[in-house]
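Observations on the three-dimensional arrangement
In case you want the letters, here they are:
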Amino acid sequence: MRRHIKVCKRNDTRDIGQMMSSRDTNSLSLGSIQYDSNKFRELVMACIVMYDLPFQFVEWAGIRAIHQYMYPGVDTLTRNTAKADVLKAYQREKLKIKAMFEEFFGRVSLTSDLWSSCISDGYMYLIAHFIDKEWRLQKRILNFCFMPPPHTGVALSEKIFDLLCGWKIEGKLFSLTLDNASSNDVSVEALGSQLQLKGLLPCNGEFFHLRCCCHILNLVVQDGLKHIDRAIEKIRESVKYVKGSHSQVRKQKFLDCVKLVSVGVKKGLRQDILTRWNSTYFMLDTCILDHQYKMTFVELCYKKAHGEDSLEILLVRNKLYSLFDEYKSKSSHPTTTSVSSRANEATSHLESMEVESNLDLFKLELYLDEPKMSKNVNFDVLNFWKSHQYRYPELAAMARDVLSIPVSTVASEAAFSVGGRVLDQYRSSLKPKNVEAIICTRDWLYGDKGNLIVIKFEKFILTKF
């Protein structure tokens with residue numbers, strides 16, 4: 001036992017720094033950690049994707065010197081090897097997402113838009129929004145592909161349809177959210193007609209096209225600002241003057257004036273951006289399927305907007321019932337029929353169908369008439385439907401699809417931001433397939449949350465080593 005204790009590796013309780021330090025020479029060494037070429041290349045690939053590094057990163061002399069210092073026998077990677085590893089990871093994760101869509105029984109809502117690189121190359125992105133089987137809201141960048149001109153409605157429609165067929169989700173669509181460009185109107189009309197010819201859209205495509213609410217709100221605000229444009233222009237020019245070339249002198253005079261009139265505000269001057277205004281939006285996913293509001297809040301809003309005697313609320317209720325009928329017709333229910341004769345079988349079948357139809361309708365009325373949950377309760381609408389999916393199966397299926405509809409194309413901002421970093425002025429010659437591989441792989445592996453990227457990368461390193 002004493003001899004075993006002296007040589008037992010598990011008996012060493014030193015920290016990782018001590019474990020990597022040689023007992024004899026006190027130099028840094030990997031000790032019992034074994035070098036794995038595949039793991040090393042996976043880590044390099046992760047760095048390139050996460051931090052928007054060029055493929056040439058692996059050929060930098062400083063990086064190679066670090067690798068050689070840490071392990072003399074490390075593989076010498078080239079830019080072509082790094083590119084191949086990223087493309088391999090892209091294909092691997094793409095197969096996983098395809099498999100996920102094959103097992104997914106709900107519907108997918110999409111957002112799409114166009115983006116121009118620094119050299120004016122056009123790119124189209126396609127983002128899928130859905131609620132998975134665990135009732136978690138998911139977002140995936142499906143494509144960030146090159147879109148050659150012309151960017152007409154017909155060309156956009158054909159491109160989107162080809163992308164959907166590539167993912168095999170053309171039969172699982174619920175809605176498509178676009179901005180208010182005229183070409184998008186033509187595109188969504190052509191795409192909707194093409195899908196509806198095959199009967200792939202619910203309610204004959206009535207809910208397919210959704211206009212970006214943020215874009216509409218921006219147009220409303222910009223139109224309202226025109227009425228006070230003269231006052232805004234004076235303020236804008238005043239701020240420019242204070243923050244001009246002789247800013248220190250002018251700023252001091254401005255501060256003296258502030259003290260003279262005893263203004264207690266500590267905020268500094270901020271110049272606006274002509275193409276933007278306050279872009280913080282508090283969006284309602286839906287009110288009817290929120291157990292805290294249901295139809296009561298919708299009726300209140302419509303009465304304030306259209307008056308007490310407005311019939312608009314009846315249209316909303318009719319749309320709700322028609323959508324519910326669509327989901328009810330696609331659900332399968334076992335029926336009990338008599339076996340005495342074919343006539344009795346048919347009669348019993350019709351009676352059972354009528355009873356089931358009334359029962360399903362009763363379920364919708366029962367849900368709408370249930371007492372609303374207190375607003376003081378910490379309420380999660382997705383958790384509510386997850387726990388009530390067996391009590392209201394058709395309503396839960398409808399809620400899963402409706403609650404995943406994006407009311408705006410704000411999700412594009414993240415994709416555009418990453419696209420601008422990948423296709424910057426130094427890497428503008430990247431091939432479109434490489435651009436798509438980097439952007440999509442980054443989204444699929446790490447999402448768009450910076451803090452989670454670091455955490456997941458640390459976990460990735462711990463699992464690999």
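This report concerns the structure included in the present document.

**What about the pattern of salt bridges?**
For the structure on display, the rule yields 13 salt bridges. Its salt-bridge partner being Lys 96, residue Glu 93 comes within 3.4 Å of it at the nearest N-O pair. With Glu 93 and Lys 96 both in helix α5 (residues 79–103) and three residues apart, the pair spans about one turn of that helix. Across the pair Lys 319 and Glu 206 runs a salt bridge whose closest N-O atoms are separated by 1.7 Å. Placement of the pair is Lys 319 in helix α12 (residues 312–330) and Glu 206 in the loop between α7 (182–197) and β5 (209–211), with a sequence separation of 113 residues. The exposure class of Glu 206 is partly exposed, given its relative accessible area of 41%.

**Comments concerning the pairing of strand β4 (residues 173–178)**
Within β4, six of the six residues are buried, which leaves it mostly tucked inside the rest of the structure. Direction of pairing for strand β1 (residues 108–116) relative to β4: parallel, over a ladder of four bridges. Bridge assignment links Val 108 to a residue of β4, and that residue is Leu 173. As paired elements, β4 and β5 share three bridges and run parallel to each other. Following the sheet pairing, Leu 178 is matched in β5 by Arg 211. Tracing the backbone out of β4, into α7 and back to the parallel element β5 gives a crossover that is right-handed.

What counts as what
Residues numbered from 1 in each chain as written. Predicted model: local features only at pLDDT ≥ 70, side-chain atom pairs only at ≥ 80, totals over all residues. Heavy atoms only, no water. Salt bridge = Lys/Arg side-chain N within 4 Å of Asp/Glu carboxyl O. Helix = DSSP H or I, 4+ residues; strand = E, 2+ residues; numbered from the N terminus. Buried < 20%, exposed > 50% of the residue type's maximum accessible area, 1.4 Å probe, protein only. Pairing = 2+ DSSP bridges. Right-handed = clockwise from strand over helix to strand, strands pointing away.

The analysis is restricted to geometry; functional conclusions fall outside its scope.
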